[in-house]
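# A closer look at the structure
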Amino acid sequence: MRVSLQWLRELVPFSCDPTALAEKLSMAGFEVEADEDLSLRANGVVCGRVERKTAHPDATKLNICDVSIGASAPLQIVCGASNVREGMAVAVATIGSYLPAIKLDIKPAKLRGVDSCGMLCSLAELGLDTDVDGIADLEQIALSSAQKLPQLGQPVGQLLGLDDRIFELAITANRADGLSMLGLAREVAALEQLSVVFPEVSKGSKAENLESESLFEFSELFSLTALENVQVAASPLWLQRRLKAAGQRSINNVVDITNLVMLETGQPLHAYDSNMVGEAACFALRLAKPGEVFKCLDGIERKLTSENLLVTEQDIPVAIAGVMGGEASSVQLQTKGILLEAAVFSAPQVRRSSRAASLRSESSARFERGVAKANCLAAADRAVDLLQEICGAKATRRWVAAKNKEEIEPIVFRRSALEKLLGPLDGGDSGYEEINSEDVVNILESLGCNVRSEGEAQAESEIWHVLVPPARQGDLKREVDLIEEVARLVGYDRFCSHLPDPLEPGGLSAQEELQRRLCSALRAAGLQELTHLSLVPKDTNNNNEQVELSNPLLADYGNLRTNLSDGLLLAASRNLQSPQPGFWGFEIGTVFRKIDNNYAETIRLTGIICGHKGSELWSNSGQMINPNYYKSRGVIAQAFREIGLELQDKTYNGEPQLHPGRAASLYLNGKVVGIFGEIHPELADNHKLPSGCCLFDFELEQLLTAASANKLFNPVFKAYPTVPASERDLAFVVSETIEANLILGSMRKWGGSLLENVQLLDRYTGAQVDPGFCSIAVRLRFRAEDCTLRDEQVEAPMLNIIELLQKTFNAKLRV
């Protein structure tokens, strides 16, 4: 929002220095992003008069001018402008001045051998828009602006409107009132303890009712005011300058007045040529038909969607409601009558419509933040007054469609809540101070609130009942909002800064520590940690479970992800096509699902091991060897041992992303916590991934809960053994359908206290084993803590294991 301090001073007569005002506004939440002093454009430029003009002896397009600036002798200036003439009042840039618009220092110079002591300026050279080709005629400018021509030698900045200062303010989304000069004037008045000078507005004519149901459906209020005998022309110079200072261009007096009132009040208005539209009773609102085409004021035809809200007349679109009007009904020089629209549209609807049309405007920026319904007709009245004054228009009728007025309840504001949230003021040497009750009331009333006090002043039981003004009802809705206003205007820097009492040490919870340790272990195993956006495109294959955002920022990212694997697969594909030799990555993030109209979110750990690591080439004689299923599974097992977890594998065929014969469910304490396996060949081909790529996916909370509950992540010191171990190898034949992990787990349980470790050596299927069976070889290690084991001590648990293998798994011992 560009703010003219000259305009602002007309509304609130502040006297503080502009730099100090910028600091106060920034501290109050309106950050001043830029500060432009227009007077610098004409610094050192004074009024002069051409007393004599002679042709340059060596240049046909140059003239030698004697220019008086009120000094004892005229200046000799060489000028190439075709419109220079004797007796002309001109803008003279004197020696030593600097023109920032053209980045020129004015110095004594010689042009074709003739001395020149200054420069006669055009409006463009002073940073002003102009259609005139040549130097500025100050007498003509003074006449058109109804101002007095400066004395010779006096600065020309005021005459040219270059005596202003412009602030560029960053307006936050919650401060809709900050997009109006009156809203900012109220803020400055509160900061400076002044009163706002509101423009005088005549009361409009009695309104007739509009009965269109669509107007009530899509708007809070919709009004049309008819004006006749409108004289459309260029706007007065003061109006053009005011719009220019706000960053807008002048169109014509009618359009400029609607823009001026919008800047002043924050209420967007739109004027229709009444000859190009029908009766007010024919106006309605509707959503656009998909593919419907509408030509806007900027001359661009836009294809609309069902999210665009249209203002129609006899079902013919005349404007995209709250965004931009149509070219066909726009005000032109030949326009004699207008219909002035002032309305309050739904903020979310305008936001969707603006985004769907890929069109942002000053109007939509205000509607998106929320427009005060109570100020709508007053803004229309203000525009009617200006149209009558500047355009000679005459208001004839007004039509209004408005919903019933809602009663606004006062906000209960407690002193106890104020002191609890803000704390005391810093009183310097006198210690702490409480916020004075009178100051609280003055602050709220300066913002336009109506305040009624209850209870004893300065007592903890004191309560204020605060009725918020219409312009602030969008952001002052709760008690905490009022506390923020008090803090802003008292000054955040005046409150004491102290630590909470009593102090409590911070730190990570057990699960947070485990998560960090697990991530570190995965990184140590060679996987890189990734982070993807939670917003994804619509998934046509999983539409029932996908959560759709009601108001997405981008149409292509309007849904929440249901898994982490899709993002990792795309990342793997991009990396391998870069080209990179491999992609080992994992991600921890939240996934979202909609199940029977209920929403659920879980945190998952997902990763992909794909291709080889370039750092391992030295160990493979320079050959690229991709990891297989078992190596990848070992990488995951190694990482999970860091948090004390050993997962059991069972064959799994229920995941469409995994190879049906090379996938496993991973169990912990008898519960499924995740899956692991090779990526399905068809999915790998779609992403151009090599065969053998593996994917794992876990529900993180189950893992961390189990690890923290068992405290397995705490390392326990165990002394190194001082006696040798006794090892035995055992081979047996079992059915192929029996999982090796199940057998190993049973042997650990049956081996007794002397069994230290069971290790799988080999799993063989082939000619020496019957079809449907496999040979499994294992190595068992036995050890006692205090003595070397004898053969008979080892034979007893060995025989027990063999007997139970034969009984439980129908195993046949190989000799």
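What counts and how
- Residues numbered from 1 in each chain as written.
- Predicted model: local features only at pLDDT ≥ 70, side-chain atom pairs only at ≥ 80, totals over all residues.
- Heavy atoms only, no water.
- Pairing = 2+ DSSP bridges.
- Helix = DSSP H or I, 4+ residues; strand = E, 2+ residues; numbered from the N terminus.
- Axes fitted to C-alpha atoms, helices over the stretch in contact; angles between N-to-C directions.
- Expected span 1.5 Å × (residues − 1).
- Buried < 20%, exposed > 50% of the residue type's maximum accessible area, 1.4 Å probe, protein only.
- Polar contact = N/O pair within 3.5 Å; in protein donor to acceptor, adjacent residues only side chain to side chain.
- Core = buried A, V, L, I, M, F, W, Y, C linked by side-chain atoms within 4.5 Å.
- Contact = heavy atoms within 4.5 Å.

## Details of the pairing of strand β35 (residues 648–651)
Across four bridges, the pairing between β35 and strand β36 (residues 658–668) is antiparallel. Across the sheet, the residue bridging to T651 is A664, located in β36. From the end of β35 to the start of β36, which pair antiparallel, there are six residues.

## Observations concerning the sheet that holds strand β1 (residues 2–4)
Read from one edge to the other, the open sheet built from three strands follows the order β1-β12-β2, with strand pairing classed as antiparallel. The open sheet terminates on both sides in strands that have one partner only, identified here as β1 and β2 (31–37). Neighbour to neighbour, the strand axes of the sheet diverge by 25° on average, direction disregarded. In the sheet, β2 pairs with strand β12 (residues 165–170) via six bridges, with the strands oriented antiparallel. Paired with V32 across the bridge in β12 is L169.

## Notes on helix α7 (residues 253–265)
Helix length check: α7 (13 residues) gives 18 Å between terminal C-alpha atoms against 18 Å at 1.5 Å per residue, within 8%. The buried fraction of α7 amounts to eleven of the 13 residues, a majority that puts the element mostly inside the structure. Taken as a whole, α7 has its buried residues at N253, V254, D256, I257, T258, N259, L260, V261, M262, L263 and E264. The opening residue of α7 is N252, an N-cap whose side-chain oxygen sits 3.2 Å from the backbone nitrogen of V254.

## Some thoughts on the nonpolar core
Counting residues in each nonpolar core, the largest one holds 88 residues, and the members touching the most others are L8, F222, V311 and F345. Take this core: its biggest share by element is eight residues, from helix α10 (residues 376–391). Residues in contact with F345, not counting those within four places in the same chain, are F218, S219, F222, L285, L309, V311, A321, G322, V350 and F367. Counting 33 residues, the second-largest nonpolar core is a separate cluster that includes W584, C694, L703 and A706.

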